[in-house]
Amino acid sequence: MSYFAYHLGLHEEDLSGVTLALVPGAPERCVKIAAAYGTYRELAVHREFKTILAESEEGKVLVVSSGIGGPSLSIAVEELARLGIRHFIRAGTCGAIQEDVGIGDLVVSEGAVRLDGTSDHYAPVSYPACADHALTTYLLRAGRELGHRVRLGLTCSTASFYPGQERYDTFSGYVIRGLRNTFEEWKRLGVLNYEMEIATLFTVCRVLGLKAAAVCGVLVSRIQEETVDLLIKPEVEMKVSETVALAAKLILRKEFRNAEE
Ligand code: URA
């Protein structure tokens, strides 16, 4: 009997042999990405997981939302791997923590600080969260071909949006001792941005023998403020969508035609 993915609400045959998934956090971003890629049809919507099958002359890709944070992303990766997905590209948004990374820039992650919580269930904390080099190269190329400002570097993935990213503009205004001054420390250590899923994605994929890469559009410069400006969100999401769609095409044109070495 074919495998049924309980949380995603998908059967193995629904994927028609697709092995590459584009993974935003938000369900509503799936359509933007699928439309940037080609024609598309929705396969399933269950909880935070929306799945769309998109097609262009390069081939088919799956677009699946992971929800927010490591716990739900790990569920998506586990189930997608059993359905046949082997390559994952996260299409996210983030907050920048360096002066020279601005709103609207794209950050491609080569590795991530593992403050996500979930990756600890897959590997000891000393295990690095690293991107797949080849997939990352395609993302960089796609972003630059589209004329976007693209940065390559380290990301800090946190288990919470507020205290984990040292935000004080909150209900209590309080950040526990262990997280105070961590913003300044990650900045000093050269980390480019904060988000909530990449460390889980990179760790889980490495451990399971899968390939992963990630790009995030900068929604807020944390050097200046804590609050995300909603007005710039559509433009940033469009840059990310176009970038992962083009990267997927480049990958399907070259990588997979070379017979999945
Ligand atoms: N996503 C995050 O996790 N943090 C931000 O500041 C913006 C988007």
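Below is a summary of the structure that appears in this document. Since the structure is predicted, the reported quantities are computational estimates derived from the model, not experimental observations.

**Structural notes on the environment of Lys60**
Step number 1: Relative to the elements of secondary structure, Lys60 occurs in strand β6 (residues 59-64).
Step number 2: Since its relative accessible area comes to 32%, Lys60 is described here as partly exposed.
Step number 3: Remark: the alpha-carbon pair of Lys60 and Tyr40, spanning 20 residues in sequence, is separated by 9.3 Å.

**Quick word on unusual backbone geometry**
Step number 1: Of note in the backbone geometry, Ser16 takes a positive phi value of approximately 40° without being a glycine.
Step number 2: Note that Ser16 resides in the loop between β2 (10-11) and β3 (20-24).
Step number 3: Taking the relative accessible area as the measure of exposure, Ser16 reaches 41% and is therefore partly exposed.
Step number 4: Backbone geometry at Arg47 places phi at a positive 55°, although glycine is not the residue there.
Step number 5: As for its placement among the helices and strands, Arg47 is situated in the loop between β4 (39-46) and β5 (49-56).
Step number 6: Given a relative accessible area of 61%, Arg47 falls into the exposed group.

**Let's talk about the site of the ligand**
Step number 1: Every residue near the ligand is listed here: Thr93, Cys94, Gly95, Phe161, Gln165, Arg167, Tyr194, Glu195, Met196 and Val220.
Step number 2: Within the contact set of the ligand, a nitrogen atom lies 2.8 Å away from a side-chain nitrogen or oxygen of Gln165.
Step number 3: Between the ligand and Arg167 there is a distance of 2.6 Å, counted from an oxygen atom to a side-chain nitrogen or oxygen.
Step number 4: Surface burial for the ligand is 93%, taken as the share of its 240 Å² of free accessible area covered by protein chains.
Step number 5: Only β7 (87-96) and β11 (193-195) provide two or more residues apiece to the shell around the ligand.
Step number 6: Of the residues forming the shell around the ligand, the biggest block, three residues, is contributed by β7.
Step number 7: When its residues are assigned to classes, the shell around the ligand shows five nonpolar, three polar and two charged.

**Observations concerning the pairing of β7**
Step number 1: In terms of residue burial, β7 counts as a mostly covered element, since ten of its ten residues are buried.
Step number 2: What you see with β7 is no split at all: His87, Ile89, Ala91, Thr93 and Gly95 on one side and Phe88, Arg90, Gly92, Cys94 and Ala96 on the other are buried throughout.
Step number 3: Two strands pair when backbone bridges link them, and β3 and β7 are joined in this way by five bridges, in the parallel orientation. In the sheet register, Ala21 faces β7, and the bridge partner there is Phe88.
Step number 4: Inspection of the sheet shows β7 paired to strand β12 (residues 211-221) by ten bridges, in the parallel sense. Note on β12: the bridge partner recorded for Ala91 is Val215.
Step number 5: In terms of strand pairing, β7 meets β11 through two bridges, oriented antiparallel. Pairing of Ala96 across the sheet is with Asn193, part of β11.

**Details of helix α1 (residues 28-37)**
Step number 1: All buried positions along α1 are accounted for by Arg29, Cys30, Ile33, Ala34 and Tyr37. One side of α1 holds all its buried residues, which, seen down the axis, span an arc of 135°.
Step number 2: In this structure, the buried residues of α1 make contact with β3, β4, β5, β6, β7 and α6 (233-253).

**Observations regarding the pairing of β3**
Step number 1: For β3, a buried count of five out of five residues is recorded, marking the element as mostly surrounded by other parts of the structure.
Step number 2: Along β3, one buried face is formed by Leu20, Leu22 and Pro24 and the opposite face, lined by Ala21 and Val23, is buried too.
Step number 3: Across two bridges, the pairing between β3 and β6 is parallel. Bridge pairing in β6 links Ala21 to Leu62.

**Some thoughts on the packing of aromatic side chains**
Step number 1: Enumeration over the complete set of coordinates arrives at two aromatic pairs.
Step number 2: On the basis of an interplanar angle of 80° and a centroid distance of 4.9 Å, the ring pair of Phe161 and Tyr162 is categorised as edge-to-face.
Step number 3: Owing to a relative accessible area of 31%, Phe161 belongs among the partly exposed residues under this scheme.
Step number 4: Residue class for Tyr162 comes out partly exposed when judged on its relative accessible area of 43%.
Step number 5: Ring geometry for Phe183 versus Tyr194: centroids 6.3 Å apart, planes at 45°, classification tilted. With a gap of eleven residues between them, Phe183 in helix α4 (residues 182-188) and Tyr194 in strand β11 connect regions that are remote in the sequence.
Step number 6: The exposure class assigned to Tyr194 is buried, which follows from its relative accessible area of 1%.
Step number 7: The positively charged end of Arg167 is found above the aromatic ring belonging to Phe161, 3.8 Å away from the centroid.
Step number 8: Here the basic side chain of Lys249 rests over the ring of Tyr37, its NZ or CZ set 5.5 Å away from the ring centre.

Calculation criteria
Residues numbered from 1 in each chain as written. Predicted model: local features only at pLDDT ≥ 70, side-chain atom pairs only at ≥ 80, totals over all residues. Heavy atoms only, no water. Helix = DSSP H or I, 4+ residues; strand = E, 2+ residues; numbered from the N terminus. Buried < 20%, exposed > 50% of the residue type's maximum accessible area, 1.4 Å probe, protein only. Near = heavy atom within 4 Å. Polar contact = N/O pair within 3.5 Å; in protein donor to acceptor, adjacent residues only side chain to side chain. Areas by Shrake-Rupley, 256 points an atom, 1.4 Å probe, with all protein chains shown as cover. Nonpolar A, V, L, I, M, F, W, Y, C, P; charged D, E, K, R; others polar. Pairing = 2+ DSSP bridges. Arc of directions from axis to C-beta. Contact = heavy atoms within 4.5 Å. Phe/Tyr/Trp six-rings, centres within 6.5 Å; stacked < 30°, edge-to-face > 60°. Lys NZ or Arg CZ within 6 Å of the ring centre and 35° of its normal.

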